[in-house]
Amino acid sequence: DGGITQSPKYLFRKEGQNVTLSCEQNLNHDAMYWYRQDPGQGLRLIYYSQIVNDFQKGDIAEGYSVSREKKESFPLTVTSAQKNPTAFYLCASRGGTNYGYTFGSGTRLTVV
Amino acid sequence: GQNIDQPTEMTATEGAIVQINCTYQTSGFNGLFWYQQHAGEAPTFLSYNVLDGLEEKGRFSSFLSRSKGYSYLLLKELQMKDSASYLCAVRDLNSGYSTLTFGKGTMLLVSP
């Protein structure tokens, strides 16, 4: 079955460390997205990519970086410059009849 | 920019009907989505509206008025499993790229 896989499900990071969240899809979708979700804040767009080797900043890109070397993969790096990284991170890809989003199961990142 | 408003919380009784409203302000409107999200899980697609009117899908219906910047999600014959957060999202065509902007979500609690 096609879908989006995010790993790990839970991630703990020490202050000052970079950490990379994985997102892989086998839906053959061109566009992929990273959102951050905080309590009471809804989903906020971090980065998105329409095609391989191209990506754009979303509303809250500071302290994050991405790459899109393969169509299937869109990893997100949370750098030490991100001052408040504890959140639930959701990856999505776009395709299908209405070009809606399919979401991965999310990664919950906690800074310890 | 975009502004999407929906109520923070709603309560209803099992078997009842509930309507969750969403108002939005955006340029380049290109569709409105409703997603359901259970705690700690990924959002799942419920409905899509791009033209004015009502879309019905089983117990769930969604309505759109583009001139009023207004949508609602109608849930009938409520079940306990419908307790979840409901996210309204607007698709905007900005510089040729398609992104979704989400409201903060409406937490629905269904009681026996």
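Read on for an overview of the structure. (Residues numbered from 1 in each chain as written. Chains lettered and ligands numbered in written order. Predicted model: local features only at pLDDT ≥ 70, side-chain atom pairs only at ≥ 80, totals over all residues. Heavy atoms only, no water.)

## Some thoughts on the overall build of chain B
Right, so step 1: Across its full length, chain B holds zero helices and eleven strands.
Right, so step 2: Considering only C-alpha atoms, chain B reaches an extent of 45 × 30 × 20 Å along its principal axes.
Right, so step 3: Within chain B, the fraction of its 112 residues that count as buried is 47%.
Right, so step 4: Contacts in chain B between residues at least 24 apart in sequence constitute 55% of all its contacts with a sequence separation of at least 6.
Right, so step 5: When the accessible surface of chain B is totalled, it reaches about 5,500 Å², and 50% of it is carbon and sulfur. (Helix = DSSP H or I, 4+ residues; strand = E, 2+ residues; numbered from the N terminus. Buried < 20%, exposed > 50% of the residue type's maximum accessible area, 1.4 Å probe, protein only. Contact = heavy atoms within 4.5 Å. Areas by Shrake-Rupley, 256 points an atom, 1.4 Å probe, with all protein chains shown as cover.)

## A few points about the interface of chain A and chain B
Right, so step 1: The interface of chain A with chain B comprises 24 residues on the first partner and 18 residues on the second.
Right, so step 2: Our enumeration of links across chain A and chain B arrives at four residue pairs in polar contact (both at pLDDT 80 or more).
Right, so step 3: Where the side of chain A that touches chain B is concerned, the elements lending two or more residues are β4 (31-38), β5 (42-49), β9 (87-94) and β10 (101-103) of chain A.
Right, so step 4: Ranked by residue count, the leading element in the side of chain A that touches chain B is β5 of chain A, at four residues. (Polar contact = N/O pair within 3.5 Å; in protein donor to acceptor, adjacent residues only side chain to side chain.)

## Quick look at the nonpolar core
All names here are of chain B.
Right, so step 1: Counting residues in hydrophobic clusters, the biggest one holds 21 residues, and the most contacted among them are L32, W34, L75, Y86 and L108.
Right, so step 2: For this core, the elements supplying multiple residues, two or more each, are β2 (9-13), β3 (18-25), β4 (29-37), β7 (60-65), β8 (70-75), β9 (84-94) and β11 (106-111).
Right, so step 3: Leaving out residues up to four positions away in the same chain, L32 has contacts with C22, Y24, S47, Y48, N49, L64, S71, C88, A89 and V90. (Core = buried A, V, L, I, M, F, W, Y, C linked by side-chain atoms within 4.5 Å.)

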